[in-house]
Amino acid sequence: MLNQEVYDKVVAAFAAKFGGKPAKVAYAPGRIEVLGNHTDYNEGYVFSAAIDKGTFFAASPADDGKITLVALNMDETYEVELSAVAPVKSGMTWASYVLGTFNWLFDGNPAAAGKGFKAVFGGNIPLGAGLSSSASLDVATALALGAVYGIEKDKTALAKLCQKAENTWAGCPCGLLDQASSIYGKAGALVKSDFRYCKFENVSMGEGIAFMMVKSNAKHALVDGAYASRRQACEDAAKYFAGVLKKGGVTHLRDVTMAEWVLYRGGLSETTAKRAVHPIGEDERVIQGAALLEKGDLKGFGALMYDSHESSRNWFENSCEELDAIVDAAKAIPEVYGARLSGGGFGGSCCLLVDPAAADKIAAQITKEYKAKFGDEPVCSVIQPSDGAHLV
Ligand code: GLA
């Protein structure tokens, strides 16, 4: 469904449920992760982009202390009194994303809002595809409710409060990548993030290039333990390196070089050493990738994407058979410059850097090979980097 159609549906549903027009409507897109995997919480670097699909959140203040939330895609309505706002642990768990964001908009004291609100939201990002539908919901919520209640925050503060909602209310120990990409996206450009200094810049992609997202049918759920255990291993490794490296100032894996990992890995367990080398290598690849993009060397950039996937496959072990098959199929197609898993991993989607003129051929070839192996078909969609979140 096109964004305009989603917007029309959300506004029409708002009128049907509450009467009249919503006071504010916000839009926030999903994201693709292009290079730099599991580096955000290691205070490293990532290339990502906002996509042309997202969530619309329409809201008006309520006259009383009641909050009414309508999730259009799920056809569900959640109601709660302002005084009873809390995480929703079973049933309509989507409400935790909205209420958690609302909670942190008011610094953890939602009662300070004084009045409740009524809202309808809906979107067109496929769930479980690794396109950050949840971050797009958080960010759309924060923008719309921020406007309804007259709360002004800068973009980075907004991204951080949305991340806090995911971490503390939705049980997802994610970094800041998804929320920042949704907010800082720009049409035709990548977002280059430095998560130590929260520096976000847009880097142009040039003409004649696009991404293709290939959604496997393998499960992707970051609230399960695998994401958290990878994050823990990275933190353990950073502590170890802080102890053995004499240079000082080591707090995260961002501070460790590949040469240092090679020299000192012997003091780590084999598994922790394998986990640690992934974000260390990814940081180096993002820095190299930036130099290649500047020169317009898309083939070189794509080669780094393939290296990134190998690192996921062999070291971080956050890939799976389905994602590996997509990347292997992509490698044989000359119009694909690079491919890798995108986002948390353990299922979800691969991100391919492609010549858009050959999109149909690429999709057909990958679908054929995937189907021969797994029996079902992946979903291939061409993505042009798009503008970030905004009020409509
Ligand atoms: C998920 C998380 C992000 C990031 C990526 C991996 O998308 O939500 O914070 O850690 O995985 O790079």
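Now for a quick tour of the structure.

Here we take up unusual backbone geometry. Of note in the backbone geometry, Ser132 takes a positive phi value of approximately 65° without being a glycine. In this fold, Ser132 is placed in the loop between strand S5 (117–123) and helix H3 (133–149). Positive phi, close to 50°, is recorded for Cys198, a residue that is not glycine. Its location among the elements puts Cys198 in the loop between strand S6 (189–194) and strand S7 (199–204).

It is the contact of helix H2 (residues 94–105) with H3, at a shortest axis distance of 9 Å, that shows an interaxial angle of 45°. Regarding the angle of H2 to H3, the classification is oblique. Considering how the two elements wind past one another, H2 and H3 form a crossing that is right-handed. The segment H2 lies against H3, with Trp94, Tyr97, Val98, Thr101, Phe102 and Leu105 engaging Ser134, Leu137, Asp138, Thr141, Ala142, Leu145, Gly146 and Tyr149. For the contact of H2 with H3, a count of residues per class yields 9 nonpolar, 4 polar and 1 charged.

Mapping Thr68 onto the fold places it in strand S3 (residues 66–71). If sequence neighbours within four positions are ignored, Thr68 has contacts with Lys17, Phe18, Thr77, Tyr78, Glu79, Phe117, Lys118 and Ala119.

The next point concerns helix H8 (residues 270–294). Under the 1.5 Å per step criterion, the end-to-end length of H8 is 37 Å for 25 residues, consistent within 8% with the ideal 36 Å. Buried residues dominate H8, accounting for 18 of its 25 residues. In the stretch just after H8, Gly296 is the one whose phi turns positive, near 75°.

Turning our eyes to something else, we now look at the pattern of salt bridges. Tallied over the full model, the rule gives 20 salt bridges. We note a salt bridge from Asp255 to Arg196, for which the minimum N-O separation is 2.6 Å. Residue Asp255 is located in the loop between helix H6 (225–244) and helix H7 (258–264), and its partner Arg196 is located in the loop between S6 and S7; the two are separated by 59 residues in the primary sequence. Taken together, the shared-partner salt bridges in this structure form one network comprising Glu310, Arg313, Asp324, Asp328 and Lys331.

The antiparallel open sheet is built from 4 strands, whose spatial order is S9-S10-S8-S11. Both edges of this open sheet fall to strand S9 (336–342) and strand S11 (379–383), since each of them pairs with a single strand only. For this sheet, the mean inter-axis angle between neighbouring strands, taken without regard to orientation, is 20°. In this sheet, strand S10 (residues 349–354) lies alongside strand S8 (residues 210–215) in antiparallel orientation, the contact comprising 6 bridges. Bridging across to S10, Met213 finds its partner in Cys351. The strands touched by helix H9 (residues 298–316) are S9 and S10; relative to S9, the strand with the most contacts, the crossing angle is about 35°.

Neighbouring the ligand are 13 residues, the closest being Glu33, His38, Asp40, Asp178 and Tyr227. One of the side-chain N or O atoms of Arg31 is found 2.8 Å from an oxygen atom in the ligand. Contact distances for the ligand include 2.7 Å between an oxygen atom and a backbone N or O atom of His38. Taken by itself the ligand offers 310 Å² of open surface, and the protein chains cover 98% of this. Class assignment for the residues of the shell around the ligand results in 4 nonpolar, 5 polar and 4 charged.

What follows concerns H9. Over its 19 residues, H9 runs 25 Å from end to end, which matches the ideal 27 Å to within 8%, given 1.5 Å per residue. Those residues of H9 that fall on the buried side of the exposure criterion are Leu298, Gly300, Phe301, Gly302, Leu304, Met305, Tyr306, Ser308, His309, Ser311, Ser312 and Phe316. Its side-chain oxygen placed 3.4 Å from the backbone nitrogen of Lys299, Asp297 serves as the N-cap of H9.

Along the chain, Val120 falls in strand S5. For Val120, a relative accessible area of 0% corresponds to the buried category. Separated by 49 residues in the primary sequence, Val120 and Trp169 place their C-alpha atoms 20 Å from one another. Look past the residues within four positions of Val120 in its chain and what remains in contact with it is Val10, Ala13, Phe14, Phe18, Phe56, Phe57, Ala58, Val70 and Leu72.

For the rest of this paragraph, the subject is the environment of Glu5. Counting through the fold element by element, Glu5 comes out in helix H1 (residues 3–18). Given the relative accessible area of 40%, Glu5 is considered partly exposed. Distance in space between the C-alpha atoms of Glu5 and Gly123 is 9.8 Å, their sequence separation being 118 residues.

Glancing now at the packing of helix H4 (residues 155–168) against helix H5 (residues 177–184). Where H4 meets H5, the closest approach of the two axes is 8 Å, and the angle between their N-to-C directions is 145°. Seen along the crossing, H4 lies across H5 with a hand that is right-handed. On the side of H4, the interface is formed by Lys155, Thr156, Leu158, Ala159, Cys162, Gln163 and Glu166, while H5 contributes Gln179, Ala180, Ile183 and Tyr184. For the contact of H4 with H5, a count of residues per class yields 6 nonpolar, 3 polar and 2 charged.

Reading the values: the criteria
- Residues numbered from 1 in each chain as written.
- Predicted model: local features only at pLDDT ≥ 70, side-chain atom pairs only at ≥ 80, totals over all residues.
- Heavy atoms only, no water.
- Helix = DSSP H or I, 4+ residues; strand = E, 2+ residues; numbered from the N terminus.
- Axes fitted to C-alpha atoms, helices over the stretch in contact; angles between N-to-C directions.
- Parallel < 35°, antiparallel > 145°, perpendicular 65-115°, else oblique.
- Left-handed = near helix turned anticlockwise from the far one by under 90°.
- Contact = heavy atoms within 4.5 Å.
- Nonpolar A, V, L, I, M, F, W, Y, C, P; charged D, E, K, R; others polar.
- Expected span 1.5 Å × (residues − 1).
- Buried < 20%, exposed > 50% of the residue type's maximum accessible area, 1.4 Å probe, protein only.
- Salt bridge = Lys/Arg side-chain N within 4 Å of Asp/Glu carboxyl O.
- Pairing = 2+ DSSP bridges.
- Near = heavy atom within 4 Å.
- Polar contact = N/O pair within 3.5 Å; in protein donor to acceptor, adjacent residues only side chain to side chain.
- Areas by Shrake-Rupley, 256 points an atom, 1.4 Å probe, with all protein chains shown as cover.

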